[in-house]
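Structural overview
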Amino acid sequence: MKHTILSLILLFTALASSAATKADADRLYEQEKYDEAAAIYQQLLTDVGTAPEVYYNLAGCYYKLDDIPHAILNYERALRLDPSDEDTRANLALARAKTSDKVTPPSEMFFITWWKDLCNSLSISVWTTLAITAFVLMLLGILAYMFLTQLTLRKVGIYSAIGLFIIVVIANLCAFSQHYMMRNHTDGIIMASAVTVKSSPSDSSTDLFVIHAGSKVEILDATMQEWREVKLEEGKQGWIPANTFEVI
C-alpha cells in the first residue's frame, strides 16, 4: 500500500513538473518556434481556462505562421475578454488588413459609437470595481447630507451623491454590456479559403456571393444541422455550411 501511494505521488509530481507553462510558451515564441508555442498556448486554454493574454499570444503565433484566419479568431477572442486592450485591437486591424475581403461596416449614429467606445475603454473588472467604489462613496455623500449640520458640507454631500449615482449607473451598464458580449457567441470567423453564400440552406440554391478566410460573420440562424444563416458586417446575408467557420 505504501509503495502504491509513493508511486502515485511520484507520478503526479512527474506530471506536474512536465506540464508546460505560459513562460515556456513565451520562451518558444521568443525563439521563433511558433508551432510549438501555439500548441502550448492552446493546451493552456484547454487545461487552465480562457485568458485574454493567452489568446493574444496564440493569435501572435498564428500571425507569424501566416495563418491569418486563426490569428483573427484568437485576437477577437482576446478582445471579447478585454475590449480595452489597444494592442489587441491594433493587431486585429493588422491581421484583418491581410484578408481578401475588405469590409466597410455601415455607418452608425455618433452616440452609439461614443457609447461603444466608452464601454470598451475599460475592462469589465475595472468597471465593476468603479461601480462598487462609486456606490460606497455615494452612500457616504447621502449620510453627509443627512447628518452634517454645516450647509456647505451638506451641499457637497448631496451633489457628490448625485454625480456618483450617475457614475454607478454608467459603470453598471458598461459592465453589463461587456458581460453580455462575453456570453453572446453569435459571431464567427470564416476558416475555409472561400465560401459561396447561398440563398437558402441547400447546395442547389442560388449562389449569392463569395466570402473568404478571415471574414467575420454574425450568426442569424443556427437551427439547421449543416447550415447557418449569417450576415456580414456590411449587411449582406445568406446561408453557409456550418463547418466553414469557427465561433468566436
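Bear in mind the structure is a predicted one, so any value in this text is a computation, not a measurement. (Residues numbered from 1 in each chain as written. Predicted model: local features only at pLDDT ≥ 70, side-chain atom pairs only at ≥ 80, totals over all residues. Heavy atoms only, no water.)

1. A few points about the overall build of the protein
A tally of helices and strands in the protein yields 9 helices and 7 strands. Classification of the 248 residues of the protein by burial places 33% in the buried group. The contacts of the protein with a sequence gap of at least 6 include a subset with a gap of at least 24, amounting to 54%. Carbon and sulfur atoms provide 62% of the accessible area of the protein, an area that totals close to 15,100 Å². Of note, the protein has its 20 positive side-chain charges centred 6 Å away from the centre of its 28 negative side-chain charges. (Helix = DSSP H or I, 4+ residues; strand = E, 2+ residues; numbered from the N terminus. Buried < 20%, exposed > 50% of the residue type's maximum accessible area, 1.4 Å probe, protein only. Contact = heavy atoms within 4.5 Å. Areas by Shrake-Rupley, 256 points an atom, 1.4 Å probe, with all protein chains shown as cover. Lys, Arg positive; Asp, Glu negative; His and termini not counted. Charge placed at Lys NZ, Arg CZ, Asp CG, Glu CD.)

2. Focus on the environment of Leu-94
Within the secondary structure, Leu-94 sits in helix α6 (residues 86-96). Residue classification places Leu-94 among the partly exposed residues on the basis of a relative accessible area of 48%.

3. Brief notes about the side chain of Asp-82
Inspection of the secondary structure puts Asp-82 in the loop between α5 (68-81) and α6. Although buried, Asp-82 forms no salt bridge, and the nearest oppositely charged side chain, Arg-89, lies 7.8 Å from it. If we skip the residues at most four places from it in the chain, Asp-82 touches Pro-52 and Ser-123. (Salt bridge = Lys/Arg side-chain N within 4 Å of Asp/Glu carboxyl O.)

4. What to know about the packing of helix α4 (residues 52-64) against α5
Two quantities define a packed helix pair, namely the angle between the helix axes and the distance between the axes. The geometry of α4 relative to α5 is characterised by a closest axis approach of 8 Å and an angle of 165 degrees between their N-to-C directions. The orientation of α4 relative to α5 falls into the category roughly antiparallel. In the crossing of α4 with α5, the sense of the turn from one axis to the other is left-handed. For the pair α4 and α5, contact is made by Pro-52, Tyr-55, Tyr-56, Leu-58, Ala-59, Gly-60, Tyr-62 and Tyr-63 and by Ile-68, His-70, Ala-71, Asn-74, Tyr-75, Arg-77, Ala-78 and Leu-81, respectively. (Axes fitted to C-alpha atoms, helices over the stretch in contact; angles between N-to-C directions. Parallel < 35°, antiparallel > 145°, perpendicular 65-115°, else oblique. Left-handed = near helix turned anticlockwise from the far one by under 90°.)

5. Let's talk about the packing of aromatic side chains
Per the counting criterion, the structure on display carries 3 aromatic pairs. Aromatic side chains Phe-110 and Phe-111 sit 5.7 Å apart centroid to centroid with 85 degrees between the ring planes, which places their arrangement in the edge-to-face category. Residue classification places Phe-110 among the exposed positions, given a relative accessible area of 66%. Exposure remark for Phe-111: the relative accessible area of 43% places this residue in the partly exposed category. Over the ring of Tyr-63 we find Lys-98; its NZ or CZ atom is 5.0 Å from the centre of that ring. Sitting above the plane of the Phe-209 ring, Lys-236 keeps its charged end 4.3 Å from the centroid. (Phe/Tyr/Trp six-rings, centres within 6.5 Å; stacked < 30°, edge-to-face > 60°. Lys NZ or Arg CZ within 6 Å of the ring centre and 35° of its normal.)

6. Re the layout of surface pockets
When its volume is computed, the largest pocket comes out at roughly 1,300 Å³. Around the largest pocket, the lining is made up of 30 residues, and of these Lys-116, Asn-120, Met-181, Lys-216 and Glu-233 lie nearest the centre. For the lining of the largest pocket, the secondary-structure elements that each account for two or more residues are α5, α6, α7 (110-119), α9 (151-183), β4 (216-221) and β5 (227-232). Here the lining of the largest pocket takes 5 residues from α7, the largest share from any one element. For the lining of the largest pocket, a count of residues per class yields 11 nonpolar, 7 polar and 12 charged. The computed volume of the second largest pocket comes to approximately 170 Å³. Every element with two or more residues in the lining of the second largest pocket is listed here: α2 (22-30), α4 and α6. If you tally residues by element for the lining of the second largest pocket, the top one is α4, at 5 residues. (1 Å grid on protein atoms, 1.4 Å probe; cavity = no way out; pocket = protein on both sides within 12 Å on 5 of 7 lines; lining within 4 Å. Points joined across faces, edges and corners; volume = space filled by probe spheres on them. Nonpolar A, V, L, I, M, F, W, Y, C, P; charged D, E, K, R; others polar.)

7. A look at unusual backbone geometry
Phi is positive for Glu-32, close to 65 degrees, though the residue is something other than glycine. Relative to the assigned elements, Glu-32 resides in the loop between α2 and α3 (34-47). Unlike most non-glycine residues, Asp-66 shows phi in positive territory, near 65 degrees. Secondary-structure assignment places Asp-66 in the loop between α4 and α5.

8. Re the nonpolar core
Formed by 27 residues in total, the largest nonpolar core has its most connected members in Tyr-41, Leu-58, Cys-61, Ile-72 and Tyr-75. Those elements that provide at least two residues to this core are α2, α3, α4, α5 and α6. For Ile-72, the residues in contact, after removing those within four places along its chain, are Leu-92, Ala-95, Arg-96, Thr-99, Ile-189 and Gly-214. In terms of nonpolar packing, the next biggest core, distinct from the first, is built from 11 residues, Val-197, Ile-219, Ile-240 and Phe-245 among them. (Core = buried A, V, L, I, M, F, W, Y, C linked by side-chain atoms within 4.5 Å.)

The values reported here are purely geometric and, on their own, carry no functional implication.
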